[in-house]
Amino acid sequence: MRRHPIIQMVAIGAIASAIGIALALWINWFPADAAKQDKPIDTLYDVLMIVSIPIFVLVMTVILYSAWAFRMRPGQEKEDGPPIHGNTRLEVFWTAIPAIILVSLCSYAYAVLNDIEKVHADELVVKVHAIQFAWSFEYPQANGRPVVSNQLYLPKDKPVRFDIDSQDVLHDFWVPAFRVKIDAVPGITTRLRATPTRIGIFPVVCAELCGLGHSVMRSTAHVLSPAAFDRWLASEKAPAVNAGGGGGRQLSQAQLIALGRTTFIGDGGCGACHTLADAGTTGTTGPDLDRVLPGMSEDEIRTDIVDPNATIAPGYQANIMPPNFSQTLSSQQLDGLVAYLATVSK
Amino acid sequence: MIAKLRAPGWYRAGLFILLGIAFSYLLVGTVRSAMHYSDPWTDGDAITIVSLLGAPLFFLVGLGCFDYWFYWVSGRPTRPEDHSAHGATGWKDYFRVNTDHKVIGIQYVCTSFFFLFVGGLLAMLMRAELAQPGMQFVNSQQFNGLFSVHAALLIFLFVIPVFAGLANYVIPLMIGAPDMAFPRLNALSFWMLPVAGTMMVGSFLAPGGSFATGWTAYAPLSTEMPIGQLFFTIGVQFAGASSIATALNFLVTIITMRAPGMSFFRMPLLVWANFSTSLLVVIATPFVAASQFFVLLDRALGFQFFDAFVGAGKDGSVLMYQHVFWFYSHPAVYIMMLPGFGIISEIISVKARKPIFGYRMMAFSLLAIVVLGFTVWAHHMFVSGMQSWIRIPMMITTAIIAVPTGIKIFSWLATLWRGVLHLDTPMLFALGFLTTFTLGGISGVMLAMIPFDIHVSDTYFIVAHIHYVLFGGSLFTIFAGVYYWFPKMTGRMYDERLGKIHFWATFVFFNLTFAPMHVIGVQGMPRRVADYAQQFAGMNLAISIASFLLGISMMVFLYNMVVSWRLGPRAASNPWRALTLEWQVSSPPPIFNFDAVPTVVGGPYEYGIPGAVHGIFQSPAEAKPTPAGNVATAPTTE
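K.L.:
Give me the overall build of chain A: which residues, what numbers.
P.N.:
On a plain count of helices and strands, chain A comes out with 9 helices and 12 strands. On C-alpha atoms alone, chain A measures out to a radius of gyration of 29 Å, which is more than a quarter above the 20 Å that the 2.2 N^0.38 rule sets for 346 residues. Along the first, second and third principal axes, the C-alpha set of chain A runs to 95 × 50 × 35 Å. Expressed as a percentage of its 346 residues, the buried residues of chain A come to 38%. At a minimum sequence separation of 6, the contacts of chain A that also span at least 24 residues come to 68%.

K.L.:
Summarise the overall build of chain B; cite the residues concerned and give the values.
P.N.:
Scanning chain B from terminus to terminus reveals 19 helices and 2 strands. Over its C-alpha atoms chain B spans a radius of gyration of 25 Å, differing by no more than 12% from the 26 Å that the globule rule assigns to 638 residues. If you line up chain B on its principal axes, its C-alpha atoms span 80 × 65 × 45 Å. In chain B, which comprises 638 residues, the share counted as buried stands at 59%.

K.L.:
Which residues make up the sheet that holds strand β9 (residues 200–206) of chain A, and what are the values?
P.N.:
Residue and element names in this part refer to chain A. One open sheet accounts for 5 strands, arranged β4-β10-β9-β6-β7; its pairing is mixed. Where the open sheet ends on each side, the last strands, each with one partner, are β4 (152–155) and β7 (180–184). Recorded for the sheet is a direction-independent mean angle of 25° between the axes of neighbouring strands. With 4 bridges joining them, β4 and strand β10 (residues 218–224) adopt parallel strand pairing. Its bridge partner being in β10, Tyr153 is matched across the sheet by His222. Running at roughly 135° to β4, helix α4 (residues 226–237) makes contact with β4 and β10 of the sheet.

K.L.:
Lay out the interface of chain B and chain A in plain terms, naming residues and giving numbers.
P.N.:
How big an interface is tends to be stated in terms of accessible area lost as the parts join. Taken together, the 86 residues of chain B in the interface contact 74 residues of chain A. Those elements that place two or more of their residues in the side of chain B that touches chain A are α6 (140–174), α10 (318–335), α12 (359–373), α13 (391–400), α14 (402–416), α15 (425–448), α16 (450–456) and α18 (496–523) of chain B. Partitioning the side of chain B that touches chain A into residue classes produces 55 nonpolar, 23 polar and 8 charged.

K.L.:
Any details on α12 of chain B? Residues and values, ideally.
P.N.:
For α12 of chain B, spanning 15 residues, the distance from its first C-alpha to its last is 21 Å, which sits close to the expected 21 Å at 1.5 Å a residue. Of the residues making up α12 of chain B, those classed as buried are Tyr359, Met361, Met362, Ala363, Ser365, Leu366, Ile369, Val370 and Gly373 of chain B. Taken together, the buried residues of α12 of chain B touch α3 (88–116) of chain A together with α9 (269–301), α10, α11 (338–352) and α14 of chain B.

K.L.:
Break down the sheet that holds strand β5 (residues 160–166) of chain A for me, citing the residues and quoting the values.
P.N.:
Residues and elements named next belong to chain A. Spatially, the 5 strands line up as an open sheet ordered β3-β2-β1-β5-β8, and their pairing is mixed. Sheet topology places β3 (147–149) and β8 (190–194) at the edges, where each strand pairs with a single neighbour. Pairwise comparison of adjacent strand axes, ignoring direction, gives a mean angle of 25° for this sheet. With 3 bridges joining them, strand β2 (residues 134–139) and β3 adopt antiparallel strand pairing. From the neighbouring strand, Tyr139 faces β3, where its bridge partner is Val147.

K.L.:
Tell me about the confidence of the model for chain A, residues and numbers included.
P.N.:
In this model, chain A carries a mean pLDDT of 87, and residues with pLDDT of at least 70 account for 96%. The model gives residues 241–248 of chain A a pLDDT under 50, and that stretch makes 7 contacts with residues more than four places away or in other chains.

K.L.:
Requested: an account of the packing of α6 of chain B against helix α17 (residues 460–490) of chain B, with residues and values cited.
P.N.:
All names here are of chain B. Put simply, α6 and α17 touch, their axes get as near as 11 Å, and they point 30° apart. As judged from the angle between their axes, α6 and α17 are roughly parallel. For the pair α6 and α17, the crossing hand works out as left-handed. Between α6 and α17, the contacting residues are Val159, Val162, Leu166, Tyr169 and Val170 on the first element and Leu470, Ser474, Ile478, Gly481, Trp485 and Met489 on the second. Counted by class, the contact of α6 with α17 contains 9 nonpolar, 2 polar and no charged residues.

K.L.:
Quick rundown of unusual backbone geometry? Include the residues and the values.
P.N.:
Residues and elements named next belong to chain B. A cis amide bond links Ala219 to the next residue, Pro220, at an omega of 5°. In this structure, Pro220 sits in the loop between α7 (183–202) and α8 (228–256). Pro588 follows Ser587 through a cis peptide bond whose omega is -15°. Looking at the secondary structure, you find Pro588 in the loop between α19 (537–567) and β1 (599–600). The backbone of His36 shows a phi angle near 60°, a positive value even though the residue is not glycine. Its location among the elements puts His36 in the loop between α2 (10–34) and α3 (44–63). For His36, a count of 7 C-beta atoms within 10 Å corresponds to the exposed category. Unlike most non-glycine residues, Arg528 shows phi in positive territory, near 60°. Structurally, Arg528 is set in the loop between α18 and α19. The exposure class assigned to Arg528 is buried, which follows from the 24 C-beta atoms found within 10 Å.

K.L.:
Give a description of α9 of chain B that names residues and reports values.
P.N.:
All names here are of chain B. For α9, with 33 residues, the first-to-last C-alpha span of 46 Å sits near the 48 Å given by 1.5 Å per residue. Within α9, the axis deviates most sharply at Ala284, by approximately 35°, and proline Pro286 lies no more than four positions further along. Here α9 lies mainly inside the structure; 24 of its 33 residues are buried. In the stretch just after α9, Gly302 is the one whose phi turns positive, near 65°.

Parameters at a glance
- Residues numbered from 1 in each chain as written.
- Chains lettered and ligands numbered in written order.
- Predicted model: local features only at pLDDT ≥ 70, side-chain atom pairs only at ≥ 80, totals over all residues.
- Helix = DSSP H or I, 4+ residues; strand = E, 2+ residues; numbered from the N terminus.
- Rg over C-alpha atoms; globule rule 2.2 N^0.38 Å.
- Buried ≥ 20, exposed ≤ 12 C-beta atoms within 10 Å, placed from the backbone.
- Contact = placed C-beta atoms within 7 Å.
- Pairing = 2+ DSSP bridges.
- Axes fitted to C-alpha atoms, helices over the stretch in contact; angles between N-to-C directions.
- Nonpolar A, V, L, I, M, F, W, Y, C, P; charged D, E, K, R; others polar.
- Expected span 1.5 Å × (residues − 1).
- pLDDT = per-residue confidence, 0-100.
- Parallel < 35°, antiparallel > 145°, perpendicular 65-115°, else oblique.
- Left-handed = near helix turned anticlockwise from the far one by under 90°.
- Bend = angle between axes of the 7 residues up to and from the residue.

This is the structure we're talking about:
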């Protein structure tokens, strides 16, 4: 009679585990997978689910069954259970089995780790610089100065090695679609490897609390076809258009303003921290531009962008706004921003 | 008035705070003048920092924590048998320095619950801000302050001290002692807590806002922050010192003050749990003190421990902070869990009316956790950029520490088996704990697996995990323990119906709040952000709504506790028919706990053995011994 409920519990537990596992495998837990590193990690997660769910179901089955079958019934107020003090065989069993499971999982995880951190001979090296609160990506060039961008561009199917450093506090370089992250640590260079496998646009996130602007320290990873990546690199390598106002194609005032607005919302990332009605941005980390801009000259606006610590609006602190916009934005983008901001505040 | 200012108490404490600030001001001014600073007397930062250290010490002196020792040192007559500061006759006695462990226990529990509600309110504000993407109610500085103060309060001012408080009340009673080994040290330990708590909450008033670097206060962010950061750095020193002194007190009490016949393996598991916890505290807590002293020296005196710009001639090490910090803060997770394990062992055995299954393995697994707990710290640093090989041994130890934890879970389940389960509020919280803590344990093992951890560290998955172990784990055991010992501590019964409502509301809304956080974490939402991508909006709104309902369910608890304490029916001395010693005396117990010294004659959980007792109050000759915790000699299920 006593064996009977245990068989029932095993049956119910097996069904519940099967449903749970099926559900866990069916749900799409992860963001888009866009790198070679994703599959092994996602599979590891599935395996962890398959192992964990029966254990949880086991605990739940025993609790629920006990609460139902062994609950105190009227008249049992003064009764006690049988004085069972232990069972050595059972205790050895539930020490050994979890230990074996856990060591197996560790071995498997170790294999996955080696897989995702494999070093490739023909890696593309991207230097990632973190600063409060912006990313910049540097592509060293064999001959000539490196290409610097504040958005990440990567060719598909090429193993990439990121060399990450920080210019102030801890940050953490994370592309959720690549599943990998590592801290940017002041004083040392940390390394991360990923091989993008899917063309598209994916968020780059700072995952380590780095101060006031932590939640807006974002960028975008563009995974391009190798040909498109080469085109992008070539266009960036070309001498900067409009450098010093000469050469290249000249933009009309209207084009400049349009470029400025795009930069404000997109590439420059200004809107993440600053409110500006015209651009439709609502950031509150930095001063509200609708209020502070009116009355400022173009020169003052330019100084505020390239040297933000020169004057600090009352109620705000120094060293919050990245001081490197003169490097991360092209001079044309900078001119556009100044023209745009001067126009909208009039 | 002069007499009031001379006698220990709040008037003198107030006066001494002013004296402390004045002293700090003079000290700063004198030293700065001596070193030829240009503005020796007006540097607000320096004066604040020294006052934060000095004023609390003066406050403790003013309140009277040190009076006895000062009398002794100065050769004035001390009265060792003077018990005027022992025990409470009215509510006012709870607001002065008191040496009775029962009064101190209640002081601890009430103070920490006050900070639980403050910390909970901060969480509500956070969830209000996170209900929608974009910024609505607070700015990023305030938001970073909210989650930082929330975590710091609930860790240092709630979970750790509330366990110390419950243990303070219960442990001397359980081992048959009249009080703790060092009652005056015990009082001093308690009074450092309100100091730490006031400092942390007070940081909201600091210029530049409260500390906003998370409870981890990672350098070098924390060494560059406005003055509010120092309220954490220094507050932790007081909470930590309190914790260390209490742990020493517990160790000495448990080792030296057990009643005759109370061998180590006749101790209730709560005593074992607090013994283990105290070992952890004494060994680990100095490390967090060190880490915060480093930050203090960096921030205040420019020591450059963590200023790592080698190119600029600075050779600090950023990773060193994390190693020292986590060498405390991982064991701290067990400091916040082992006493809960003890509480659950007590409740499950009494409420299932069965001896605890595998008593010795339960005790040894606690010690195993203590040892292993010191070998896993760097699993918090898998993505920190430390030497990559360290990750492998840390992964293995982290996974292995689940084995002793598993032993405990399975032993509790086996204790339930074939018992007579009294499903009242403490038991419901114990069973709820088994459920949520198992989930927290499983996500912990998942996080040990480095490749998965690399993806989810610093995301909401971590937030979910920590709340499953600290809310679903620690807080559930705290609720279980508070309901279980409420009759003993207050002499009154709580309202069972409200208790059950509180349990079910908490259990449901807890899971609705924190389970979805696993999902958004895996999907890529980082933690500690005031604003987030549009794709997480729906989930976050659901989480916020559930969290508000969770907050409301706490009001049921508060109402039940306050009203039952004042108006509840009188409690019998042993309403649960428990065997441990604290239930063999009146509720609340007499001022020195036992009118006659008890003699322990058997194990603490001999339920089901007719006529079995744990302790007797006659002479040892009359005692009928029963075997303690026999393993596998009794009938089994087979």
